[in-house]
Amino acid sequence: MRFSDSINSLLPMEAAKLLNPALKRKFYADMLEGKLLSYQLLGKHYTGPPRIKPRGPMIALVDTSGSMHGTPQTLAKSAVLAMAKLMLSQQRDMKVILFASTSQHLEIELSNRKKMSERFLNFLLYTFGGGTDFNTALASGLKSLKEKDFQGADLLFITDGKSEISDELVLARWEEAKKKYNAKVYSLIVGGSGAGGLSQISDYTYIVEMEQDKESSGGRVKLVKCETGGFEINKIS
């Protein structure tokens with residue numbers, strides 16, 4: 001994490017100041033002075049993996065279970081905020097689904113007709129806690145794929161990977177949807193070392209590792225890029 005005047009890398013907790021009239025003035029003052037709390041991924045640019053289908057929609061499934069609390073969830077929601085801004089600038093539809101255990105599920109749609117607003121910022125501040133259920137999360141993504149605006153969408157999982165997909169019916173439905181819609185699963189693993197329970201469905205996996213900085217009380221973020229299917233893992237410190 002770092003301080004900057006960048007809106008694109010803004011943390012949700014900073015954006016939330018805009019919702020409070022008393023803190024809005026401080027937000028703009030901090031922006032002018034380059035003191036907004038922002039995220040920073042350290043790494044190199046790679047051109048290897050294919051990009052998400054041009055101008056297609058996306059369904060982001062964000063893990064807000066207990067194991068994601070703290071820095072992992074802050075990084076996860078910062079990534080969602082940055083992705084949402086990019087998608088809307090490209091006039092592409094996006095659905096964000098927050099999930100945790102079987103009964104914990106919340107979603108919001110973003111498009112040119114439903115642009116980011118105060119409601120979306122409030123949505124990002126929401127969290128569940130408790131356990132993690134990938135079966136329900138994937139089922140939610142599959143349900144969204146059948147909707148008119150999201151047919152052909154790719155799925156983006158943002159999680160620490162600490163769960164499993166054990167429902168054979170859900171897996172079978174995913175295989176059918178993958179062939180029908182040419183959909184892919186992109187997994188962004190926060191604070192883990194691999195795709196974990198998503199390894200059997202992930203087409204591409206990206207890993208964000210968090211290291212404790214020995215020279216200070218803060219931490220450091222390290223981006224590790226991994227292509228599934230046996231390719232080499234590139235570590236960037």
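Residues numbered from 1 in each chain as written. Predicted model: local features only at pLDDT ≥ 70, side-chain atom pairs only at ≥ 80, totals over all residues. Heavy atoms only, no water.

Draft legend 1. Structural view of the packing of aromatic side chains. Counting across every chain of the model gives six aromatic pairs. Ring centres of Phe99 and Phe157 lie 6.2 Å apart, and the angle between their planes is 80°; on these two criteria the pair is classed as edge-to-face. Of this pair, Phe99 sits in strand 4 (residues 94-99) while Phe157 sits in strand 6 (residues 154-159); the two residues are 58 residues apart in sequence, bridging distant segments of the chain. Phe99 gets classed as buried once you look at its relative accessible area, which sits at 2%. Exposure remark for Phe157: the relative accessible area of 0% places this residue in the buried category. For the pair Tyr126 and Phe128, a centre-to-centre distance of 5.2 Å together with 75° between the ring planes defines the contact as edge-to-face. Taken together, Phe99, Phe134 and Phe157 form an aromatic cluster joined through their ring pairs. (Phe/Tyr/Trp six-rings, centres within 6.5 Å; stacked < 30°, edge-to-face > 60°. Helix = DSSP H or I, 4+ residues; strand = E, 2+ residues; numbered from the N terminus. Buried < 20%, exposed > 50% of the residue type's maximum accessible area, 1.4 Å probe, protein only.)

Draft legend 2. Region of the structure containing the pairing of strand 4. Of all six residues in strand 4, six are buried, a share of seventy percent or more. In strand 4, alternate side chains face the same way, and those of Met94, Val96 and Leu98 on one face and Lys95, Ile97 and Phe99 on the other are all buried. With six bridges joining them, strand 3 (residues 58-63) and strand 4 adopt parallel strand pairing. Each bridged residue has a counterpart across the sheet, and for Asp63 the counterpart in strand 4 is Phe99. (Pairing = 2+ DSSP bridges.)

Draft legend 3. Just the nonpolar core, in detail. Among the nonpolar cores identified, the biggest contains 28 residues, and Val62, Val80, Met94, Val96, Phe120, Phe123 and Ile158 are the most heavily contacted of them. If you list the elements that add at least two residues to this core, you get strand 3, helix 3 (71-89), strand 4, strand 5 (105-110), helix 4 (118-124), strand 6, strand 7 (185-190) and strand 8 (204-212). Once residues within four sequence positions are removed from consideration, Ile158 is found in contact with Leu61, Val62, Asp63, Met68, Ala76, Ala79, Val80, Leu188 and Val190. By size, the runner-up hydrophobic cluster in this structure holds 23 residues, among which are Ile59, Leu138, Phe150 and Ala153. (Core = buried A, V, L, I, M, F, W, Y, C linked by side-chain atoms within 4.5 Å. Contact = heavy atoms within 4.5 Å.)

Draft legend 4. Main features of unusual backbone geometry. Of note in the backbone geometry, Gln91 takes a positive phi value of approximately 55° without being a glycine. Positionally, Gln91 belongs in the loop between helix 3 and strand 4. One non-glycine residue, Asn182, lies in positive phi territory at about 55°. Residue position: Asn182 is located in the loop between helix 6 (168-181) and strand 7. Judged by relative accessible area, Asn182 falls into the partly exposed class, the value being 46%.

Draft legend 5. Quick peek at the environment of Phe3. Residue placement: Phe3 occurs in strand 1 (residues 2-4). Since its relative accessible area comes to 60%, Phe3 is described here as exposed. Each C-alpha atom of the pair Phe3 and Leu37 lies 4.8 Å from the other, and the pair is 34 residues apart in sequence. Each residue touching Phe3, except ones within four places of it in the same chain, is listed here: Gly34, Lys35, Leu36 and Leu37.

Draft legend 6. Fine view of the pairing of strand 5. With six bridges connecting them, strand 4 and strand 5 associate as antiparallel partners. Residue pairing across strands places Lys95 opposite Glu109, the latter belonging to strand 5. Following strand 4, the chain reverses through five residues before pairing antiparallel with strand 5.

Draft legend 7. Seen up close, helix 5 (residues 134-145). An ideal rise of 1.5 Å per residue puts 16 Å on twelve residues; helix 5 measures up with 16 Å between its terminal C-alpha atoms. Close packing links the buried residues of helix 5 with strand 3, strand 4, strand 5, strand 6 and helix 6. In this structure Asp133 caps helix 5, since a side-chain oxygen of it lies 3.3 Å from the backbone nitrogen of Asn135. (Expected span 1.5 Å × (residues − 1). Polar contact = N/O pair within 3.5 Å; in protein donor to acceptor, adjacent residues only side chain to side chain.)

Draft legend 8. Inspection of the packing of helix 5 against helix 6 at higher detail. Running from amino to carboxyl end, helix 5 crosses helix 6 at an angle of 35°, the nearest separation of the two axes being 10 Å. Once helix 5 is placed against helix 6, the crossing between them reads as left-handed. Contacts between helix 5 and helix 6 involve Asn135, Leu138, Ala139, Leu142 and Leu145 on the former and, on the latter, Val170, Arg173, Trp174, Ala177 and Tyr181. When its residues are assigned to classes, the contact of helix 5 with helix 6 shows eight nonpolar, one polar and one charged. (Axes fitted to C-alpha atoms, helices over the stretch in contact; angles between N-to-C directions. Left-handed = near helix turned anticlockwise from the far one by under 90°. Nonpolar A, V, L, I, M, F, W, Y, C, P; charged D, E, K, R; others polar.)

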